[in-house]
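Chain and residue survey
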Amino acid sequence: MTAQDTLFRPFTSDTLTLKNRIVMAPMTRSMSPGNVPNDKVVDYYRRRAEGGVGLIITEGTIVDHPAASGYPDVPAIYGADALAGWARVVEAVHAAGGKIAPQLWHVGAVRRPGVAPGGDTPGYSPSGMARPGKVTGHAMTQRDIDDVVAAFAKGAADAKKIGFDAVEIHGAHGYLIDQFFWDGTNARDDAYGGDLAARSRFALEIVAAVRAAVGPDFPIILRYSQWKQQDYSARLCDTPEALGAFLGPLADAGVDIFHCSTRRFWQPEFDGSDLNLAGWTRKLTGKPAIAVGSVGLNSDFLPEDGTGAFNAGEPASIDNLIERMARDEFDLVAVGRALIANPDWANRVKAGDFAALVPYDKSLLATLS
Ligand code: FNR
């Protein structure tokens, strides 16, 4: 099998068709002053679509809630100016033959007061904790929960209205939805806390509200992870049985495609099988799954010291990826840093022009185009 037969096969699911299997991973850039995507943002995504990516998932976009943002200059998915900016991004990507989904994001307790927009609003989370045992923010009331659920639904409806091809809900990496999933940050004793089924209630309400807002045929992707930015070794599920019990209700609530965030896509998720997290997810749910983590690079993206500056990496072989795609272990693969360094990564790989690929270095983020 070649890259041509695997990565460059079209993808078809119940709700989404793509020209190939390559997805651009969502990557925050902090380059939208006033939370509005500008001409440079249009050019940045256009270039990746021209470079052959099948589906672009945008950087995290903040939903319409005062505590959603945790970082400066991240784009919003609400308000006339931001939506007009995104409409231009969508148009550019479509003109270049690509498809695009916004990542809908609420950072939860990772937020610190002062980050715009939101002013002095503290971090909001299930129990006020961004990390286990440390209360730094506001424990959400039922009213807060309802407001955030509605904000995700509104973001999804607006995304559909302005021409996006799908939405991705950010349920990973220790941000708000994951703060509900994770027992380390969810100590609630109401219907949103307790076992993993109860801790999933918030996500299930968001998925159901998004599904109701976009109708039956619009693709909903859910990104989730075992690891947390607060603890790389954290896990939501220790067995395939537990994973199946976690994901089944999310699929039933309306998730079409699972985006399974790992740092190294080739690592087995559970003992006794080679399947990675996406492989298990596909097998257990029957839904398409996206794998991610160090594709085409010789390092994973998170530094061991947790300092937050993402790791540099040299181009690396994708033979193992091709073998796994040939076995249909997972359906799609997301590429992150390699696509920052090489906007035309997909076209280069398709042409077999691996020698032209350049390394990723974090200095690229500052000058990124
Ligand atoms: C990320 N990642 C990320 N993930 C996410 O779900 N939402 C986001 O906004 C971001 N932001 C972000 C910024 C930057 C600069 C990097 C490098 C990463 C994680 C990203 O989507 C991906 O999972 C990892 O980068 C792993 O893929 P690679 O880079 O190893 O291919």
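Above this text is the structure in question.
Quick summary incoming for the structure in this document. What you see is a predicted model, and the numbers here were worked out from it, not measured in a lab.

**Re the overall build of the chain**
When helices and strands are tallied, the chain shows 13 helices and 14 strands. Computed over the C-alpha atoms, the radius of gyration of the chain is 19 Å, within 12% of the 21 Å expected from 2.2 N^0.38 for a compact globule of 369 residues. Looking at the chain as a whole, 58% of its 369 residues are labelled buried. Pairs at least 24 apart in sequence give 72% of the contacts found in the chain among residues at least 6 apart. Roughly 13800 Å² of accessible area belongs to the chain as shown, and the carbon and sulfur atoms make up 51% of that amount. In the chain, which carries 36 positive and 44 negative side-chain charges, the distance between the mean positions of the two groups comes to 3 Å.

**Observations regarding the packing of aromatic side chains**
Any pair of aromatic rings gets described here by the distance separating the centres and the angle formed by the planes. Counting across every chain of the model gives 16 aromatic pairs. Ring plane angle 15° and centroid distance 5.6 Å describe the contact between Tyr71 and Trp105, whose orientation is recorded as stacked. Placement of Tyr71 in the loop between β4 (55–62) and α3 (80–95) and of Trp105 in strand β5 (residues 99–105) is noted, with a sequence separation of 34 residues between them. With a centroid separation of 5.2 Å and 35° between ring planes, the pair formed by Phe301 and Phe310 is classed as tilted. Members of the aromatic cluster, each reached through a chain of ring pairs, are Tyr44, Tyr45, Trp86 and Phe164. Cation over ring: Arg29 sits above Tyr44, and NZ or CZ is 3.5 Å from the ring centre. One cation-aromatic arrangement involves Arg201 over Tyr192; the distance from NZ or CZ to the ring centre is 5.1 Å.

**As for α3**
The terminal C-alpha atoms of α3 lie 22 Å apart, and with 16 residues this matches the ideal 22 Å at 1.5 Å per residue to within 8%. Within the span of α3, buried status applies to Ala82, Leu83, Gly85, Trp86, Val89, Val90, Ala92 and Val93. Positive backbone phi, at 85°, marks Gly97, one or two positions downstream of α3.

**Here's the deal with the site of the ligand**
Around the ligand sit 18 residues in total, of which Pro26, Thr28, Arg223, Ser294 and Arg337 are the nearest. Within the side chain of Gln103, one N or O atom sits 2.8 Å away from a nitrogen atom of the ligand. Residue Ser294 places a main-chain N or O atom 2.7 Å away from an oxygen atom belonging to the ligand. Here the shell around the ligand is built from residues that sort into eight nonpolar, eight polar and two charged.

**As for the sheet that holds strand β12 (residues 257–261)**
If you walk around this closed barrel you meet the eight strands as β3-β4-β5-β10-β11-β12-β13-β14, and the pairing is parallel. For this sheet the average axis-to-axis angle between neighbouring strands, irrespective of direction, equals 25°. Of the strands in this sheet, β5 and β10 (167–173) touch helix α4 (residues 142–161), which is tilted by about 165° from β5.

**What about the pairing of strand β13 (residues 289–292)?**
Neither face of β13 is open: one carries Ala289 and Ala291, the other Ile290 and Val292, and all of them are buried. Where β12 meets β13, two bridges bridge the pair, whose relative direction is parallel. When the bridges of β13 are listed, Phe258 appears paired with Ala289. Crossover connection from β12 via helix α9 (residues 277–285) to parallel β13: handedness right-handed. As defined by bridge partners, β13 adjoins strand β14 (residues 332–335) across three bridges and the pair is classed as parallel. In the sheet register, Val292 faces β14, and the bridge partner there is Ala334.

**Some points on unusual backbone geometry**
Pro117 follows Ala116 through a cis peptide bond whose omega is -15°. Here Pro117 is to be found in the loop between β5 and β6 (124–125). One non-glycine residue, Ser30, adopts positive backbone phi at about 55°. Relative to the helices and strands, Ser30 is located in the loop between β3 (22–24) and α2 (39–50). For Ser30, a relative accessible area of 28% puts it in the partly exposed group.

**Remarks on the nonpolar core**
Ranked by internal contacts, the top residues of the largest apolar core, which has 101 residues, are Leu7, Phe202, Phe246, Leu250 and Trp345. Beyond its immediate chain neighbours, meaning those up to four positions away, Phe202 contacts Met140, Ile145, Val148, Val149, Leu176, Ile177, Phe180 and Tyr192. Core analysis: the next-biggest nonpolar cluster, separate from the first, contains 15 residues, Phe11, Leu16, Val292 and Ala334 among them.

What counts, and where the lines are drawn
- Residues numbered from 1 in each chain as written.
- Predicted model: local features only at pLDDT ≥ 70, side-chain atom pairs only at ≥ 80, totals over all residues.
- Heavy atoms only, no water.
- Helix = DSSP H or I, 4+ residues; strand = E, 2+ residues; numbered from the N terminus.
- Rg over C-alpha atoms; globule rule 2.2 N^0.38 Å.
- Buried < 20%, exposed > 50% of the residue type's maximum accessible area, 1.4 Å probe, protein only.
- Contact = heavy atoms within 4.5 Å.
- Areas by Shrake-Rupley, 256 points an atom, 1.4 Å probe, with all protein chains shown as cover.
- Lys, Arg positive; Asp, Glu negative; His and termini not counted.
- Charge placed at Lys NZ, Arg CZ, Asp CG, Glu CD.
- Phe/Tyr/Trp six-rings, centres within 6.5 Å; stacked < 30°, edge-to-face > 60°.
- Lys NZ or Arg CZ within 6 Å of the ring centre and 35° of its normal.
- Expected span 1.5 Å × (residues − 1).
- Near = heavy atom within 4 Å.
- Polar contact = N/O pair within 3.5 Å; in protein donor to acceptor, adjacent residues only side chain to side chain.
- Nonpolar A, V, L, I, M, F, W, Y, C, P; charged D, E, K, R; others polar.
- Pairing = 2+ DSSP bridges.
- Axes fitted to C-alpha atoms, helices over the stretch in contact; angles between N-to-C directions.
- Right-handed = clockwise from strand over helix to strand, strands pointing away.
- Core = buried A, V, L, I, M, F, W, Y, C linked by side-chain atoms within 4.5 Å.

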